[in-house]
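Listed here are the chains, written in short residue letters.
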Amino acid sequence: MEEIIRYIGEGCIGIGIFLMVTGALGILRMPDFYTRLHPAGIIDALGAPLVLTGIMLLTGASLLSWKIIILLFFMFLTGPTATHALAKAAFLDGKKRMEDKQK
Amino acid sequence: MVITIAILGILLSMALLMVRAFIGKSYFDRILAVNSFGTHIVVLIVLMGFFKKTEFFIDIALIYGLINFITTVAFLRYFKFRR
């Protein structure tokens, strides 16, 4: 039983690290600002929580697990909010899309 | 073994984000890169705490998660009212 939980935890860490590297590569290679918001959302909402869930499964039930649950709660609350605020500020500032600039 | 590969992957991802923070054609791109860099820092601190078999690093990660969010919103309000 403990072996199964350890394998699931290591699998979660592996998938989470792959998603974070893909997200960073996406921010580097996407052509426009508004298209770069999507990999940032992947890092905030899917990559980091998967890694933290994997660590939580590896350490077992202790005070560290409860603190990681609190960290996950804050990350779900503040990560997508910051990305949305950035997108709205860029739009209200008059930043043009890639298709609108090519006229 | 898995933790070592994970830490190396996070460091590679941070290097890619720093390239975007230096190149980026507008300041919105740079704010985006620094915000994601902060999320990577939080994951790196928790991984290092597990690597060193110490349970005291998670508090620093909690504090830095909140600092990252407040810093991003503060930069956005500064650029909004400067115009």
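The sections below set out a description of the structure shown in this document. Note that the coordinates shown come from a computational prediction; the quantities given were computed from them, not determined experimentally.

What counts and how
One numbering rule holds for all chains: residues counted from 1, following each sequence as written. Following the order in which they are written, the chains are lettered starting with A and the ligands numbered starting with 1. Only residues with pLDDT of at least 70 are given local features in this predicted model, and only at 80 or more are side-chain atom pairs given and counted; all residues enter the totals for whole chains, interfaces and linings. Side-chain calculation: all heavy atoms of the structure are included, whereas hydrogens and water are not. Working rule for contacts: check all heavy atoms of both residues, and any pair within 4.5 Å makes them a contact. Accessible-area loss on putting two parts together, using a 1.4 Å probe and summing over both, is the definition of buried area adopted here. Salt bridges, as used here, are contacts in which a Lys or Arg side-chain nitrogen is within 4 Å of a carboxyl oxygen on Asp or Glu. Any N or O atom pair separated by 3.5 Å or less is treated as a polar contact, with the protein-specific requirement of one donor-capable and one acceptor-capable atom, and with residues adjacent in sequence counted only for side-chain atom pairs. By definition, any uninterrupted DSSP run of H or I lasting at least four residues is a helix, any uninterrupted run of E lasting at least two residues is a strand, and each is numbered from the N terminus. In this classification, Asp, Glu, Lys and Arg are treated as charged, Ala, Val, Leu, Ile, Met, Phe, Trp, Tyr, Cys and Pro as nonpolar, and every other residue, Gly included, as polar. Burial classes follow relative accessibility: with a 1.4 Å probe on protein chains only, a residue under 20% of its type's maximum area counts as buried, one over 50% as exposed, and anything between as partly exposed. Here is the rule: rings of Phe, Tyr and Trp (six-membered ring for Trp) pair when centre to centre is within 6.5 Å. Planes less than 30 degrees apart are stacked, more than 60 are edge-to-face, and the remainder are tilted.

**Points about the interface of chain A and chain B**
Point 1. Listed as interface residues are 40 residues of chain A and, on the opposing side, 36 residues of chain B.
Point 2. Between chain A and chain B, the buried area comes to about 3,300 Å², and carbon and sulfur atoms account for 79% of it.
Point 3. Our enumeration of links across chain A and chain B arrives at 2 salt bridges.
Point 4. The closest approach of N and O atoms between Asp29(B) and Arg36(A), which form a salt bridge, is 2.7 Å.
Point 5. Here chain A is connected to chain B by 7 residue pairs in polar contact (both at pLDDT 80 or more).
Point 6. Elements supplying a minimum of two residues to the side of chain A that touches chain B: α1 (2-29), α2 (33-59) and α3 (63-92) of chain A.
Point 7. Considering every element that reaches the side of chain A that touches chain B, the biggest residue donor is α3(A), with 15 residues.
Point 8. Classifying every residue of the side of chain A that touches chain B by side-chain character gives 29 nonpolar, 4 polar and 7 charged.

**Thoughts on the environment of Phe79(B)**
All names here are of chain B.
Point 1. Secondary-structure assignment places Phe-79 in helix α3 (residues 58-82).
Point 2. According to the relative accessible area criterion, Phe-79 is buried, its value standing at 18%.
Point 3. For the pair Phe-79 and Leu-62, spaced 17 residues apart in sequence, the C-alpha to C-alpha distance is 27 Å.
Point 4. In this structure Phe-79 touches Tyr-27 and Ile-31, once residues within four positions along its chain are discounted.

**Points about the packing of aromatic side chains**
Point 1. This model, assessed by the stated rule, comprises 6 aromatic pairs over all chains.
Point 2. When the ring of Phe33(A) is compared with that of Tyr34(A), the centres are 5.4 Å apart and the planes differ by 65 degrees; the resulting orientation is edge-to-face.
Point 3. Summarising the aromatic geometry, the rings of Tyr78(B) and Phe79(B) are spaced 5.5 Å apart at their centres and angled 55 degrees between planes, so their arrangement reads as tilted.
Point 4. Ring-pair connections join several aromatic residues into one group, and the members of that group are Phe33(A), Tyr34(A), Tyr27(B), Phe28(B), Tyr78(B) and Phe79(B).

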